[in-house]
Amino acid sequence: MWFSFWRSRDRFTLDHLRYLTDQLAKVQIVNEVNKDFVIEALRSIAELITYGDQHDPSFFEFFMEKQVVAEFVRVLKLSRTVSIPLQLLQTVSIMIQNLRSEHAIYYMFSNEHMNYLITYSFDFHNEELLSYYISFLRAISGKLNKNTISLLVKTRNDEVVSFPLYVEAIRFAFHEENMIRTAVRTVTLNVYHVGDECVNRYITSVPHTDYFSNLVSFFRNQCMDLNRLVSETLKNPCPDSTSTIIAAVDEIEDNLYYFSDVISAGIPDVARLITDSILMLLIFPLLLPSLRVVDANDMQSGVVTSLYLLCCILRIVKIKDLANTIVVALFYPLETFTRFSRGKVNGYISEFGLTSISQEPDDDNIAKGNAGCLTVNVPNSSSSSGFDPESVMSEDNCSSSNLALREVLLSYVTKGDDVLVWGSLSVLATLLQTKELDESMLDRLGILPQRKQHKKQLLQALVGEASGEDQLFSSENSLMRDGSGCELDVYLEKIKEQYGLSFLPSDFLMSPRVPRFQVLDALVSLFCRSNISAETLWDGGWLLRQLLPYSEAEFNSHHLELLQVSYKNSATALVKEVRGFWPDLLITVLCNEWRKCKKAMESSYPPKEPKCILFPSQMLSSEEDIPEGSSFAAGEKMHELVKVFVVLHQLQIFTLGRPLPEKPLIYPPGDLPANSRAQTSGLDVSGPKPGTEVSLVNAVPCRIAFERGKERHFCFLAISAGTSGWLVLAEELPMKKLYGVIRVAAPLAGCND
């Protein structure tokens, strides 16, 4: 019988399909002798059915008449080798994926044959078999709609009581193999997006709701792994560290995008389950408590990771309740969240590896903690005169457990290292761009742009609301008048009822102008710091421009004075570079960075993505960092100084309410000050000519030997006139000190001549 199978015949005919089916029906046992025949028969039948579905309906009619799927199931039961289940799963998967006829799909899903295969006890210790099984589930899920899904569920009293496809798929949701996890997620998303209400009730009922909390727990473990990677990289960097962190970050973001895709299916209970799980398992017990730096030697790895993760969650997971709850939580002190952690705030050991001082709280400590809080004097007049931004931050105890988390973020901006500043700015920028947040929430954080405030007040004035008209023409932009604090009150009450956080914020929330003053003061103080990289300052400049696009009154004279001093210091440092290693490229770099900075400041998004805080760049912060004689390091330092100067210069223009020019304001030749280098050297603006006498002030002396033993004294001198410049080689005059005769002149790089 087996030899007749291999006889030559026309493959794509109904007779051949009938022949294969008859031969398969005669199989009474599957063993090593006939397994090759069975495998080939299964493969060929799948090929013929796929062909017939597209060319000849009689093929599938015969397939249904002979109940070939039942034959498949019978052969599976007879099998004693793993190769038959492998081929059977592949055969059915190929058929389901390629069948176009809706009638054919209905037949395949009916008669409980698919559910039998789904729940069959395969030997999943075989990795290849597991891969084929998951592909089989994914193929079925790809054909789901409101009509076909009813064929795969069991109901009682119009309620779904069994859904094997979904239940069996999520068993492998956390498999160690990434490809299997991805396939399972595809299956679940296909189920969620069908939109069947009965199925939706089934997946959001106990015990199936555990899947969503398990998802967040799995994600939490990935976050902890990322923190360990970042901590190890900061302490012991190696060549593969960056690629390892990037791989971990990609996986974390993939998980969050999966959350987002699940939510986009529009199942309200699922969004609530994910929100509660993220808050209770990750945000409250782990990320928020880890925002406190307690050990300078720990390199703040836990803080950095927490800042990144907060940005990532807010940016990707679009749930209004989640975003607003996170914002409201920032008004609570750190000690509020210790009930979600394993220990007390003093002596607290988080799973991110941060340990605080072991000390019992007493009245003195509370007083010290309060001393570290943000303080502000709100002026009564319409102007901001009398407001002292230096009183915003205390010098000590920035990480006190009594300090509100929002204030911790601002304290990092004013006193944190470069990475902490960058991370805090990223969180504020992410909150500013989170569309799920109500504008009143942004205003309470102090990051609501003035243009949005004016737009809201103008609209209220136009529709005849007195409060809107009063605010539009009043210096006191008290949003309490129009009830904009209601959104905050709603979430304060919701946090108290749902999560048991009974701590009530202080009267600070009753003063709507305070948060804005604090944010402005923190940003201004940032630009007065000399130990912060240019890239971080660019991020701060972007945020400041978003908050004050029109140079508002809150940007007071003291702010302008501080920025002016910082700008002058930067300009002085840049002028020193004229005598540095790279003076010929200074103008070129300045023009290039001006264009880049202008583009970054006017962009809709911050210059850097939040994940960049996990890969801090090394900043040359002092002369000691530059190896002696290293022109490359000197060039890097010059580049850094230019970038700092450019952002401060553009802020100067911005704070005066002027538009940023396309190019830096470099003097044209006619507007240059009288003491140009050319005039100082005794030359006219036409430029140096050989034989011309020139002053050698500021020249670099050297000796040149044109013949052995015969040295002559020369000097190199860089001179300029307008936008032209030359490098001159002049020979000293022996009878006239500090003067010489030009022998050779060449144009400086980057100049017009």
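Position numbers for residues start from 1 in each chain and track the written sequence from start to end. For this predicted model, a pLDDT threshold of at least 70 governs which residues receive local features, and a threshold of 80 or more governs which side-chain atom pairs are given and counted, while totals over whole chains, interfaces and linings are taken from all residues. Computation of side-chain values covers all heavy atoms of the structure but excludes hydrogens and water.

Named according to an unreviewed UniProt entry, the protein is FPL domain-containing protein originating from Glycine max.

## Structural notes on unusual backbone geometry
Backbone torsion omega between Val206 and Pro207 reads 5°, so that peptide bond is classified as cis. Starting at the N terminus, helices and strands are each numbered in turn, a helix being any DSSP run of H or I of at least four residues and a strand any DSSP run of E of at least two. Counting through the fold element by element, Pro207 comes out in the loop between helix H12 (197–203) and helix H13 (210–235). One non-glycine residue, Glu112, lies in the positive phi region at around 65°. Backbone geometry at Asn157 places phi at a positive 55°, although glycine is not the residue there. Topologically, Asn157 is positioned in the loop between strand E1 (154–156) and strand E2 (159–162).

## Details of the side chain of Ser79
With respect to the helices, strands and loops of the structure, Ser79 is situated in the loop between helix H5 (68–78) and helix H6 (83–98). Only protein chains enter the calculation, and the probe is 1.4 Å; a residue is then buried if its accessible area is under 20% of its type maximum, exposed if over 50%, and partly exposed in between. With relative accessibility at 13%, the residue Ser79 sits in the buried group. Side-chain polar atoms of Ser79 contact the backbone oxygen of Thr81, separated by 2.9 Å. By definition in these notes, contact holds between two residues if any of their heavy atoms fall within 4.5 Å. With sequence-adjacent residues up to four places away left out, Ser79 is seen in contact with Val30, Ile84 and Pro85. Pairs of N or O atoms are called polar contacts if they sit within 3.5 Å, as long as, within protein, a hydrogen donor faces a hydrogen acceptor (for residues adjacent in sequence, only side-chain-to-side-chain pairs).

## Describing the pattern of salt bridges
Salt bridge, as applied in this entry: a Lys or Arg side-chain nitrogen positioned within 4 Å of an Asp or Glu carboxyl oxygen. Throughout the structure, instances matching the rule amount to 22 salt bridges. A salt bridge links Arg43 to Glu40; the shortest N-O distance between them is 2.4 Å. Of the two residues, Arg43 and Glu40 are both situated in helix H3 (residues 35–55); the distance of three residues between them amounts to about one turn of the helix. You can call Glu40 partly exposed: its relative accessible area is 22%. The closest approach of N and O atoms between Arg228 and Asp225, which form a salt bridge, is 2.3 Å. Residue Arg228 and its partner Asp225 are both found in helix H13; the two are separated by three residues, about one turn of the helix. By relative accessible area, Arg228 is classed as partly exposed at 40%. Several salt bridges converge on common partners, so that one network encompasses Glu40, Arg43 and Glu47.

## Considerations on the pairing of strand E7 (residues 736–747)
Residues in a regular strand point their side chains to alternate faces of the sheet. Strands are labelled as partners when DSSP assigns at least two bridges between them. When strand E3 (residues 693–695) meets E7, the two strands line up antiparallel, connected through three bridges. Paired with Glu693 across the two strands is Val741, which belongs to E7. Alignment of strand E6 (residues 724–733) against E7, held across eight bridges, turns out to be antiparallel. For Leu733, the partnering residue across the bridge sits in E7 and is Lys736. Linking two consecutive strands that pair antiparallel, namely E6 and E7, is a turn of two residues.

## Digging into helix H29 (residues 631–655)
To estimate the expected span of a helix, count its residues, drop one, and scale the result by 1.5 Å. Here H29 is 25 residues long and its end C-alpha atoms lie 36 Å apart, about the 36 Å a rise of 1.5 Å per residue gives. Along H29, 19 of the 25 residues are buried, which leaves the element largely enclosed by surrounding structure. Gly657 sits one or two residues past H29 and shows a positive phi near 75°.

## So, helix H9 (residues 127–141)
With 15 residues, H9 should reach 21 Å at 1.5 Å per residue; the first-to-last C-alpha distance of 21 Å fits that figure. All buried positions along H9 are accounted for by Leu129, Leu130, Tyr133, Ile134, Phe136, Leu137, Ala139, Ile140 and Ser141. Here the buried face of H9 lies against H6, helix H7 (102–109), helix H8 (113–119), helix H10 (164–170) and helix H11 (178–192). Backbone nitrogen of Glu128 and a side-chain oxygen of the N-cap are separated by 3.0 Å at the start of H9; the cap is Asn126.

## Section: the packing of H9 against H11
With their axes 9 Å apart at the nearest point, H9 and H11 run at an angle of 20° to one another. Taken together, the axis directions place H9 and H11 in an arrangement best described as roughly parallel. Taken as a pair, H9 and H11 cross one another with a handedness that is left-handed. Contacts from Leu130, Ile134, Leu137, Arg138 and Ser141 of H9 reach H11 at Ile180, Ala183, Val184, Thr186, Val187 and Asn190. Think of it as three bins: nonpolar holds Ala, Val, Leu, Ile, Met, Phe, Trp, Tyr, Cys and Pro, charged holds Asp, Glu, Lys and Arg, and polar takes everything else, Gly as well. When grouped by side-chain class, the residues that make up the contact of H9 with H11 number seven nonpolar, three polar and one charged. An axis is simply a line fitted to the C-alpha atoms; with a helix, the fit covers only the stretch in contact. Between two such axes, the angle follows the N-to-C directions and lies from 0 to 180 degrees. Here the word oblique covers every angle except those under 35 degrees (roughly parallel), over 145 (roughly antiparallel) and from 65 to 115 (roughly perpendicular). Here is the rule for handedness: rotate from the far helix to the near one, and if that takes an anticlockwise turn smaller than a right angle the crossing is left-handed, while a clockwise turn gives right-handed.

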